[in-house]
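Here is how the chains run, residue by residue.
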Amino acid sequence: MAFLGTAVRKVASCRPALSPLCRSATTSRRYSSSSEPTTEKSVPYENVLKVEEGGSGPTKPLPKSAEAVVIGGGSLGCQTVYHLAKMGMTNVVLLERDRLTAGTTWHTAGLLWQLRPSDVEVELLAHTRQVISHDLEQETGLETGWIQNGGLFIASNKQRLDEYKRLMSLGKVYGIESHVLSPAETKDLYPLMNVDDLYGTLYVPKDGTMDPAGTCTTLSRAATARGATVIENCPVTGIQVSTDDMGVKRVKAVETFHGTIQTPVVVNCAGVWAAKLGEMAGVKVPLVAMHHAYVVTERIEGIQNMPNVRDHDASVYLRLQGDALSVGGYEQNPVFWDKVSDKFAFSLFDLDWDVFMQHIEGAINRVPALEQTGIKSTVCGPESFTADHKPLMGEAPEVRGFFLGCGFNSAGMMLGGGCGRELAHWIIHGRPEKDMYGYDIRRFHHSLTDNNKWIRERSHESYAKNYSVVFPFDEPLASRNMRTDPFHKVLTEQGCVFQERHGWERPGWFNQDGAAPVLDYDWYGAYDISKNQNYKYNELLGKEYTFDYPPHHHVIKNECLSCRHGVSVFNMSYFGKFYLTGPDAKKAADWLFSADVNKIPGSTVYTCMLNKRGGSEADLTVSRLEAGAANLPLAPEANGDAYYLAIGGGVAEHNWNHIKTVLQDEGLNCQLTDYSEDMGMISIQGPKSREVLQEILDTDLSNEAFPFSTHKVCNAVGHKVRAMRLSFVGELGWELHIPKDSCLPVYQAVMAAGAKHSIINAGYRAIDSLSIEKGYRHWHADLRPDDTPLEAGLAFTCKMKSTIPFLGRASLEKQKAEGLRRRIVCFTIDEKVPMFGLEAIFRNGVPVGHLRRSDYGFFIDKQIGYGYIRNPDGGVVNADFIKSGKFTLERMGVVYEAKPHLKSPFDPSNNRVKGIYPDNYHNVYKANAQ
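Note that the structure is predicted; figures quoted are calculated from it, not measured.

Visitor: How should I be thinking about the UniProt feature "domain: FAD dependent oxidoreductase" (unreviewed entry) in the protein in this particular structure?
Guide: Per the UniProt entry, the sites bearing "domain: FAD dependent oxidoreductase" (unreviewed entry) are residues 68-426 in this numbering. Helix and strand shares over residues 68-426 are 30% and 28% respectively, and the end C-alpha atoms of the span are 12 Å apart.

Here it is in structure tokens:
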């Protein structure tokens, strides 16, 4: 019998040679495997769904047509077909090439942890738990194999325990019981645990364990009872795609060896095999396959009924398996499975002990009894992983009707119920109910989703950092500098610390100690690749690894106050820049945009785009253009109505696809063209911005000649630019949209003209602070698809007083008539404590919501937070409800008194954006500065 302790000592003293390294097209080295499955091995479940070979061909006849065909009989496929049937789509088919769970689901660990650093994920997990522990048994009379043995999160340092305390506070909003335990209390709960090196733990009593076979069997029976058809032993051989009269590609049919099913909807739940299935339809599925492993121990006396354990700092989990444990984790040198086999079913790989050993060491440290415990079996199977360790969901941009439900990063069982329900709602109603942008395939720019270097490097980093503390301002190191603007080099030289968004490098903040360039990815030293030495950018990131204010808090303060009192320049070139033209452009603009954008040419309007339920799919500015000949990239050819759309760069792909989808659904004859790469964009903001720009622009910048929310093409030191008088920070200012070849000369002229006004560069960390101080929304933070403009305090962006119909109007009218059941509120606290979002909001001691976003406001010198609150009684949330309550915010278990604000505490009358400052404002600032 092999013992865990013996295995560690053998591997440590005589490590086998490393597996051969392969080279990709990029010549980067990494572990890889083209292995076929090894001989059959046991897994820690009493039942799997495999049957004896002998039957060939489908288990049921194929229908000629279906409303939807789900491909893949794992957790996600079964959950999706179950929820589709439950929502009323009964003519739905699930096709599985082998038997249910045969790919990766059958060997998954099946852990369910209720707390995550995301409100949406907490809600998704709650639904999975409800389905597995209650609903299925009620519907079918069958047990799913759910075991509620609890979960225990291990903290070996203060930062880790702080992270757990943040989860605990968020859990209170959702009624999730959790307790922070001392080492002694942890020992009482789990007597076999070594607690000598513990800082503390978080105990969640109602976490538990799922059984893959029992769950998927029950899901399939519940779905078929509602009319769905589940067909096994039926591999898919092709996806038929047709092109309609508007040139739009749409799913037409699914082909198999045994017949063809006509269908408008295909759902790709094929897991590791999802990329191959996508190729059949011309759809890019950016995931990779890796070996992922755990070992199952022999019996351990005293382990019965213990909670599952996650020791993130040791990168190991311990799953209770009756009177034994399953031990697994995430390592920095995972093995890639490059040649995915179509014949792989109920199969496993041999375990590479050299890779896995680190988990054994961590497990023995945490539960010393394991050193003398035998290994019953090893389980090493394939799993699919993605660039940000989040699933791939939603309708593919390339083909209408082709939906993704794959890439679940070993969390398919845990997230399956919640994601299956959202995916079903997506298919039936066109959009999910919750904010699923973090999982939506459209979160990735189309230039990245078939870039093998980006997919591989990012997926590796996300896998290796899966158990790392989730800090608010962390940035990836893999596959950086994929998209850079014309200012990148000069800003790098000036100390810019870049953030990555949508593949773009955008300024985060400016380091005062010289350049900190982003280097090529070093794979964290894995696969015999040398780690980057003296890596300044990585060192600066490391200083951000705190739940306190970072060491450069004062630098961001200076950037903010320079903007408030003088002038700052922001590089916002990563913005999406689209033109909407064509015969139906005006009709499209009326329908797409919640605000009335059909003002006179030269006007610019801040607006939202909504979904059918009135949720905010985007916020953006829309500028109406003069008709005329093309002057690209500053102006498109337009014989009639034309519009210039400027959209936050991190969500540009999402916005692009939303607009295209609406145009297709409405049959509108329009052209949407993308000039994001062809123009740079700098924003000059602050009381001194007019004085700076008046020196370089050949147009009058007075309030009368160039009012707020207008734009015009003008000359800047001999270069044509489009100047817009707008502000994302609440100050007098202009944006300059500049053809890329003119970017540097214009920037250099701005900096030269601003030198006597002490102009400085500023980044998005400053924008975050300045914008929250002013009360401006950030999409996907305090404005999401599950928030309406009425709830978000953006009713002014909706043309409700007009008779013009627009997408989502009916839902807003209904909500307005019934009154708001939730709404956004601004909070400030007097204590100087950092908050980042997810902090619980209490009214009179009762949880009513959580902060979506929080930052420090340097001008008002207070911590500011925005969150949506609800009435616990289900009633309307109005001004009286807010004014009459006593509010507190809970941060890491500590409660702080909070003051609610119905308007922004900074410049609520909007004087500053209008250029109205006190007469002596500049003199006062100059005196204070001296």
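Now that the structure has been shown, we can carry on.
Visitor: Even after reading the chapter, I still don't get the sheet that holds strand β27 (residues 604-610), so can you show me in this structure?
Guide: Across a sheet, strands are paired by hydrogen bonds formed along the backbone, either parallel or antiparallel in direction. Read from one edge to the other, the open sheet built from 5 strands follows the order β27-β28-β29-β26-β30, with strand pairing classed as antiparallel. Here the strands that pair on one side only, and so sit at the sheet edges, are β27 and β30 (671-674). Neighbouring strand axes in the sheet, compared pairwise and without regard to direction, differ in orientation by 30° on average. The sheet contact formed by strand β28 (residues 616-624) and strand β29 (residues 643-647) spans 5 bridges and is antiparallel. Of the residues in β29, the one forming a bridge with Ser623 is Tyr644.

Visitor: I'm lost on the side chain of Glu422 in this one. Help?
Guide: Tracing the sequence through the fold places Glu422 in helix α9 (residues 412-429). According to the relative accessible area criterion, Glu422 is buried, its value standing at 0%. At 2.9 Å, the side chain of Glu422 forms a polar contact with the backbone nitrogen of Glu433. Sequence-distant contacts of Glu422, defined by excluding residues within four places in its chain, comprise Leu124, Pro432, Glu433, Lys434 and Met436.

Visitor: I tried to follow the nonpolar core on my own but got confused; where do I start?
Guide: Looking at soluble globular proteins, one finds that nonpolar side chains tend to be buried together. By size, the foremost hydrophobic cluster in this structure holds 179 residues, and its most contacted members are Leu95, Tyr190, Leu318, Leu370, Phe402, Cys419 and Phe570. In this structure, Phe578, Val597, Tyr643 and Cys826 belong to the second largest nonpolar core, which totals 46 residues.

Visitor: In this structure, what is going on with the pattern of salt bridges? I would like to understand it.
Guide: Pairing of side chains with opposite charge becomes possible as their charged atoms draw close. According to the stated counting rule, one finds 53 salt bridges in the structure shown. When the shortest N-O distance is used, the salt bridge between Arg852 and Asp787 registers 2.8 Å. In this pair, Arg852 sits in strand β38 (residues 846-857) while Asp787 sits in the loop between α18 (764-774) and α19 (809-818), placing the two residues 65 residues apart along the sequence. Note on Asp787: relative accessible area 0%, which makes it buried. The closest approach of N and O atoms between Arg809 and Glu813, which form a salt bridge, is 2.8 Å. Of this pair, Arg809 and Glu813 are both found in helix α19, 4 residues apart, which corresponds to roughly one turn of the helix.

Visitor: How do you make sense of the sheet that holds strand β21 (residues 392-395) when you look at a structure like this?
Guide: In spatial order, the strands read β10-β4-β3-β14-β22-β21; together these 6 strands make up an open sheet with mixed pairing. The strands lining the two open edges of the sheet, one partner per strand, are β10 (229-231) and β21. Adjacent strand axes in the sheet meet at a mean angle of 20°, parallel and antiparallel pairs treated alike. Across the sheet, helix α2 (residues 75-86) is in contact with β3 (68-71), β4 (92-95), β14 (266-268) and β22 (402-406); its angle to β4 comes to roughly 170°.

Visitor: Just to check I follow, could you spell out the environment of His179 for this structure?
Guide: If you trace the backbone, His179 turns up in strand β7 (residues 179-181). Residue classification places His179 among the partly exposed positions, given a relative accessible area of 34%. Spatially, the C-alpha atoms of His179 and Tyr203 are 5.1 Å apart, while their sequence positions differ by 24 residues. Residues contacting His179, with those up to four places away along its chain left out, are Thr201, Leu202, Tyr203 and Pro205. Polar side-chain contacts of His179 include one of 2.8 Å to the side chain of Glu177.

Visitor: What's the story with the side chain of Asp435 in this structure? I'm lost.
Guide: Along the chain, the position of Asp435 falls in the loop between α9 and α10 (452-464). Given a relative accessible area of 4%, Asp435 falls into the buried group. A distance of 3.0 Å separates a polar atom in the side chain of Asp435 from a polar atom in the side chain of His780. Of note is the side chain of Asp435, whose polar atom sits 3.4 Å from the side chain of Arg784. Once residues within four sequence positions are removed from consideration, Asp435 is found in contact with Val120, His780, Arg784, Pro785 and Asp786.

What counts as what
- Residues numbered from 1 in each chain as written.
- Predicted model: local features only at pLDDT ≥ 70, side-chain atom pairs only at ≥ 80, totals over all residues.
- Heavy atoms only, no water.
- UniProt positions renumbered as here; feature names shortened; annotations may be inferred.
- Helix = DSSP H or I, 4+ residues; strand = E, 2+ residues; numbered from the N terminus.
- Pairing = 2+ DSSP bridges.
- Axes fitted to C-alpha atoms, helices over the stretch in contact; angles between N-to-C directions.
- Buried < 20%, exposed > 50% of the residue type's maximum accessible area, 1.4 Å probe, protein only.
- Polar contact = N/O pair within 3.5 Å; in protein donor to acceptor, adjacent residues only side chain to side chain.
- Contact = heavy atoms within 4.5 Å.
- Core = buried A, V, L, I, M, F, W, Y, C linked by side-chain atoms within 4.5 Å.
- Salt bridge = Lys/Arg side-chain N within 4 Å of Asp/Glu carboxyl O.

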